[in-house]
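# What the coordinates show
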Amino acid sequence: MLFNAAGLGVLSVQLCIYYLSFPQDSVRFKTLVYTVYMAELAQTVLLCNSLFRSFVYGFFEHSILDRIGDLWFSIPVLGGIVSFLVQVFYAYRIVALGSIRRNAGVKIVATIVTMFAIIQLGGGLALGILLKEAVTFSRIKNTKVRVSAAAWYAGEAIGDILIAIFMTLILLRTGSEGTKSTRKLTRKLIRLTIETGTLTATMAIVTIILVMFGGSYYQVTAGVVSKLYSNTLLASLNGRTEAAIGLQDDCYDAGPNSMSISFELPTIYQSAVGNGIDMDCDDNRAPTRSAAPKLKRKVK
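The text that follows walks through the structure, step by step, so that each part is easy to find. Here the structure is a predicted model, which is why all the values come from computation and not from measurement. (Residues numbered from 1 in each chain as written. Predicted model: local features only at pLDDT ≥ 70, side-chain atom pairs only at ≥ 80, totals over all residues. Heavy atoms only, no water.)

### Notes on the packing of aromatic side chains
Our working rule: Note on aromatic contacts: the rings of Phe and Tyr and the six-membered ring of Trp form a pair at centre separations within 6.5 Å, being stacked when their planes are under 30 degrees apart, edge-to-face when over 60 apart, and tilted otherwise. Helix and strand definitions follow DSSP, with helices as H or I runs of at least four residues and strands as E runs of at least two, each counted in order from the N terminus.
Taken as a whole and judged by the stated rule, the model has 6 aromatic pairs. Note on Phe29 and Tyr92: the rings are 6.1 Å apart at their centroids and 85 degrees apart in plane angle, and the pair reads as edge-to-face. Taken as a pair, Phe29 in helix α2 (residues 27-57) and Tyr92 in helix α3 (residues 71-98) lie far apart in primary sequence, 63 residues in all.

Take a look at the structure:
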């Protein structure tokens, strides 16, 4: 519970950053972010309720520790939904990045990732149903529960590994022909992709091992997996802020042989540079401020 609550705290900070930085994001991105956050908030509230009922109301009743209560919904159902949404988001990003080089194979990769996302969602929902029917933890030591848990976490692990591998390959190919600043940004994105994918996949694998051989210790890792997914989603979206500022700084040093880039700075940083800056990197003039909230960079 402690790690779950800490994960919600970090997620809340990231949500504030997202709200301030990207008010112009598309409705689908905002819907995804706020849906994931509400699911995580509901999970933490339900976990708090379960702990309060077990250790406060049932302080002198030892049998209450064996009751599943709301855990059948808060962990496998909500956790499976959050993991599904995040993996489908990354499948979308694979298609979006792959379309830059018009690579038809990315749709097949995205389909495979989505397939494993559906498998893990099905495993999570099935596990939730079985836990609800079991009522107590002492009655869940059966094959169906183990198979459902294995499908849930194996789907997560395999999906995360595929996402990390293919996102890295696509980013390498996309950024190999860019400018120095583009390659630098690509390396940062690759590092973030590998780190987040490895973290979530490792946690899922550890949970599978604990479910199969570790007694009740799997409850510790199972309670934080979804928080890792939601935080990686927000970290990925908020990482665009660093990209915008990095390209802005690089424009001061760009020579006449650069590429043309036009993008909009996050609102939170517009206060530091005025309403906007028009930058012509082909001139030796100092950048001038304008009313347009865009940063333009010309390259030939």
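### So, empty space enclosed by the protein
Here is the rule we go by: Note on definitions: the grid is 1 Å and covers protein atoms alone; a cavity is a set of points where a 1.4 Å probe fits but cannot get out; a pocket is an open set with protein on both sides within 12 Å along at least five of seven lines; lining residues have an atom within 4 Å of a point. Grid points are joined across faces, edges and corners, and a volume is the space filled by probe spheres set on the points. Just so you know the grouping, Ala, Val, Leu, Ile, Met, Phe, Trp, Tyr, Cys and Pro go in nonpolar, Asp, Glu, Lys and Arg go in charged, and all remaining residues, Gly too, go in polar.
All chains considered together, the criterion is met by 1 cavity of 30 Å³ or more. Estimated volume of the largest cavity: approximately 110 Å³. Counting only elements with at least two residues in the lining of the largest cavity, the list comes to α3, α5 (143-175), α6 (180-213) and α8 (225-253). For the lining of the largest cavity, the leading source of residues is α6, giving 4 residues. In terms of residue class, the lining of the largest cavity is built from 5 nonpolar, 6 polar and 1 charged.

### Quick notes on the packing of α3 against helix α4 (residues 105-134)
Geometry of a packed helix pair, given as the angle between the helix axes and the separation of the axes. We apply this condition: The axes used here are C-alpha line fits, helices contributing only the stretch in contact, and every angle between their N-to-C directions lies in the interval 0 to 180 degrees. Orientation categories follow fixed angle ranges, with anything under 35 degrees roughly parallel, anything over 145 roughly antiparallel, 65 to 115 roughly perpendicular, and all other angles oblique.
Close contact between α3 and α4 brings their axes to 8 Å; oriented N to C, the two are set at 175 degrees. In this view, α3 runs roughly antiparallel relative to α4, as classed from their interaxial angle. The residue makeup of the contact of α3 with α4, split by class, is 20 nonpolar, 8 polar and 1 charged.

### Describing α4
What counts is decided by this rule: Multiplying 1.5 Å by the helix residue count minus one yields the expected span of that helix.
Along its 30 residues, α4 runs 44 Å from first to last C-alpha, staying within 8% of the 44 Å computed at 1.5 Å per residue. Directly after α4, the chain includes Val135, whose backbone phi takes a positive value near 75 degrees.

### Topic: the nonpolar core
As a reminder of what qualifies: Only buried residues count toward a nonpolar core. Its members are Ala, Val, Leu, Ile, Met, Phe, Trp, Tyr and Cys residues joined through side-chain atoms within 4.5 Å. Using a 1.4 Å probe on the protein chains alone, a residue whose accessible area is under 20% of its type maximum counts as buried, one over 50% counts as exposed, and one in between counts as partly exposed. Note on contacts: a residue pair is in contact if any heavy atoms of the two residues lie within 4.5 Å.
Ile140 and Leu233 are the most contacted members of the largest nonpolar core, which totals 55 residues. Of all elements in the fold, only α1 (2-21), α2, α3, α4, α5, α6, α7 (218-222) and α8 reach the threshold of two or more residues within this core. Those residues within four positions of Ile140 in sequence are excluded, and the remaining contacts are Ile68, Leu131, Ala134, Val145 and Tyr218.

### Re the layout of surface pockets
Quantified by volume, the second largest pocket comes out at close to 710 Å³. Considering the residues around the second largest pocket, the lining is formed by 34 residues, among which Leu71, Ile75, Phe137, Gln219 and Val220 are closest to the centre. If you list the elements that add at least two residues to the lining of the second largest pocket, you get α1, α2, α3, α4, α5 and α7. By residue number, the principal contributor to the lining of the second largest pocket is α2, which donates 6 residues. The residue makeup of the lining of the second largest pocket, split by class, is 25 nonpolar, 5 polar and 4 charged.

### So, the pattern of salt bridges
For clarity, the threshold we go by: The salt bridge definition used is simple: a Lys or Arg side-chain nitrogen within 4 Å of an Asp or Glu carboxyl oxygen.
Summed over the entire model, instances satisfying the criterion amount to 1 salt bridge. Of the charged contacts in the structure, one is a salt bridge between Glu40 and Lys227, with a shortest N-O distance of 2.7 Å. Of this pair, Glu40 sits in helix α2 while Lys227 sits in helix α8; the two residues are 187 residues apart in sequence, bridging distant segments of the chain. Of the residues examined, Lys227 reaches a relative accessible area of 2% and is grouped as buried.

Function cannot be inferred from these measures alone, as they are strictly geometric.
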